[in-house]
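Listed below are the residues making up each chain.
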Amino acid sequence: MSSAQAIWHEVECGGYEADLDTWVGLARRFDGRVLDVGAGTGRVSLKVARLGRCVVALDTDAELLSELRRKGSCLEEGDLATVCGDAREFVDESGFGLVIVAMQTVQLFGGAAQRARFMRCARRNTTVGGCLAIAVADMTQAVPDGRATFEADVLVAEGEHYSSRPVSVLRQGGEVVIERERVHTAGTGTIVRSLSREAIDLVDSATIQDEGMAAGFVATSVEFVPPTGSYAGAEVVLLHG
């Protein structure tokens, strides 16, 4: 893989499959191009592009997009494009029939004002009759003592072993702070341990619905993604253009 960042993203996100049927189903329901916000290394983008849909993968991290392009090199020309940019500023006037915001991406923008910036851009990006679909992670498993019970995510690549396990999930004000223990075991047997920390906005689907309607979407509904041993469940808010 292209970088350590891409490797850990793949470890912690690449194995998640519980929501893929939701995104595939939406891609079959809504015509037009598809925008994948926070595309990372392509977990969702590649799945949808393989349906023959034209996908634009948007992310702020050029290294993750480089790995996405490597993984998608066998796709037909025109099925997948990558854009390194901020979803709170990105507008493509050609429009998209479906805008996907998977996992907890919407909860990483940094509060209501930043989500409002994103919603305004997303409304401009969503065609009439199109859909903005936003996953909102269920963080109710954050407990007072902070001890997490999720299973570890594991990746073995080129003789190297990587694992990442949430060890602490704590509510702090309007955020949930997740700490993960990362363990890299090299082919030589050398073990390197580190701790990563990520703050996620504590927001529910009703709030996302209200924010979407305030941005100009005309109707809303909710679908559900069940929890797994390694991941919290989610609600997927559908905002219709």
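Now for a look at the structure at hand. Numbering of residues starts from 1 in every chain and runs along the sequence as written. Local features in this predicted model are restricted to residues whose pLDDT is 70 or higher, and side-chain atom pairs enter the listing and the counts only when it is 80 or higher, whereas totals over whole chains, interfaces and linings include all residues. No hydrogens and no water enter the side-chain calculation; it runs on all heavy atoms of the structure.

**What about unusual backbone geometry?**
Item 1. In the Ramachandran plot, Met103 falls in the positive-phi region, its phi being about 50 degrees despite a non-glycine side chain.
Item 2. By the criteria applied, helices consist of DSSP H or I runs no shorter than four residues and strands consist of E runs no shorter than two, each listed in order from the N terminus. Along the chain, the position of Met103 falls in the loop between β4 (96–101) and α5 (112–125).
Item 3. Each residue's exposure class comes from its accessible area (1.4 Å probe, protein chains only) as a fraction of the maximum for that residue type: buried when under 20%, exposed when over 50%, partly exposed otherwise. Judged by relative accessible area, which is 16%, Met103 ranks as buried.
Item 4. With a phi close to 50 degrees, Glu158 is a non-glycine residue in the positive phi region.
Item 5. Its location among the elements puts Glu158 in the loop between β6 (153–157) and β7 (160–172).

**Things to note about the nonpolar core**
Item 1. Residues Trp23, Leu98, Ile100 and Ala133 are the most contacted members of the largest nonpolar core, which totals 30 residues.
Item 2. Among the elements of the structure, α2 (20–29), α3 (43–49), β2 (55–59), α4 (62–71), β4, β5 (126–137) and β11 (234–240) are those that each provide at least two residues to this core. Residues enter a nonpolar core if they are buried and are Ala, Val, Leu, Ile, Met, Phe, Trp, Tyr or Cys, with the set joined through side-chain atoms within 4.5 Å.

**Examining the pattern of salt bridges**
Item 1. Salt bridge criterion: a side-chain nitrogen from Lys or Arg within 4 Å of a carboxyl oxygen from Asp or Glu. Evaluation of the coordinates by the stated rule reveals 13 salt bridges.
Item 2. Note that Lys71 is salt-bridged to Glu10, the shortest N-O span being 3.1 Å. Of this pair, Lys71 sits in helix α4 while Glu10 sits in helix α1 (residues 4–13); the two residues are 61 residues apart in sequence, bridging distant segments of the chain.
Item 3. Classification of Lys71 by relative accessible area gives partly exposed; the value is 25%.
Item 4. Judged by relative accessible area, Glu10 falls into the buried class, the value being 15%.
Item 5. Here Arg115 ties to Asp201 by a salt bridge, and the two come within 3.7 Å at their closest N and O atoms. Residue Arg115 is located in helix α5, and its partner Asp201 is located in strand β9 (residues 191–201); the two are separated by 86 residues in the primary sequence.
Item 6. Among the residues examined, Arg115 registers a relative accessible area of 5% and is labelled buried.
Item 7. The network of salt bridges with shared partners includes Arg115, Asp201 and Glu211.

**A word on the packing of aromatic side chains**
Item 1. Centres within 6.5 Å are what make two rings of Phe, Tyr or Trp a pair, Trp counting through its six-membered ring; a difference in plane orientation under 30 degrees is then read as stacked, over 60 as edge-to-face, and the rest as tilted. A full pass over the atoms with the stated rule returns two aromatic pairs.
Item 2. An angle of 90 degrees between the planes, with centres 5.5 Å apart, marks the rings of Trp8 and Tyr162 as edge-to-face. Of this pair, Trp8 sits in helix α1 while Tyr162 sits in strand β7, placing them 154 residues apart in sequence. This pair shows no difference in class: Trp8 is buried, exactly as Tyr162 is.
Item 3. The criterion is that NZ of a Lys, or CZ of an Arg, lies within 6 Å of the ring centre and within 35 degrees of the ring normal, and then a charge sits over that ring. The positively charged end of Arg33 is found above the aromatic ring belonging to Phe96, 4.2 Å away from the centroid.
Item 4. The cationic tip of Arg123 hangs over the ring face of Phe217; the distance from NZ or CZ to the ring centre is 5.2 Å.

**Observations concerning the side chain of Glu12**
Item 1. Its place among the elements puts Glu12 in helix α1.
Item 2. In contact with Glu12, not counting residues within four places along its chain, are Asp153, Ser164, Arg180, Arg182, Ser196 and Tyr231. Any pair of residues with heavy atoms lying within 4.5 Å of one another is described as a contacting pair.

**Description of the sheet that holds β7**
Item 1. Any two strands with at least two DSSP bridges between them are considered paired. Taken together, four strands build an open sheet; the order of strands is β6-β7-β8-β9 and the sheet is antiparallel. Each edge of the open sheet carries a strand with a single partner, namely β6 and β9. Strand-to-strand twist of the sheet, defined as the mean angle between neighbouring strand axes without regard to direction, takes the value 20 degrees.
Item 2. Where strand β8 (residues 175–185) meets β9, 11 bridges bridge the pair, whose relative direction is antiparallel. Only the contacting stretch of a helix is used when fitting its axis, a line to C-alpha atoms as for every element, and angles between N-to-C directions run 0 to 180 degrees.

**Focus on the pairing of β7**
Item 1. Where β6 meets β7, five bridges bridge the pair, whose relative direction is antiparallel. Of the residues in β7, the one forming a bridge with Val154 is Ser163.
Item 2. Hairpin geometry of β6 and β7 is characterised by an intervening segment of two residues between the two adjacent antiparallel strands and by a positive phi of about 50 degrees at Glu158.
Item 3. Hairpin connection, β7 to β8: the antiparallel pair is bridged by two residues, and Gly173 has positive phi, about 65 degrees.

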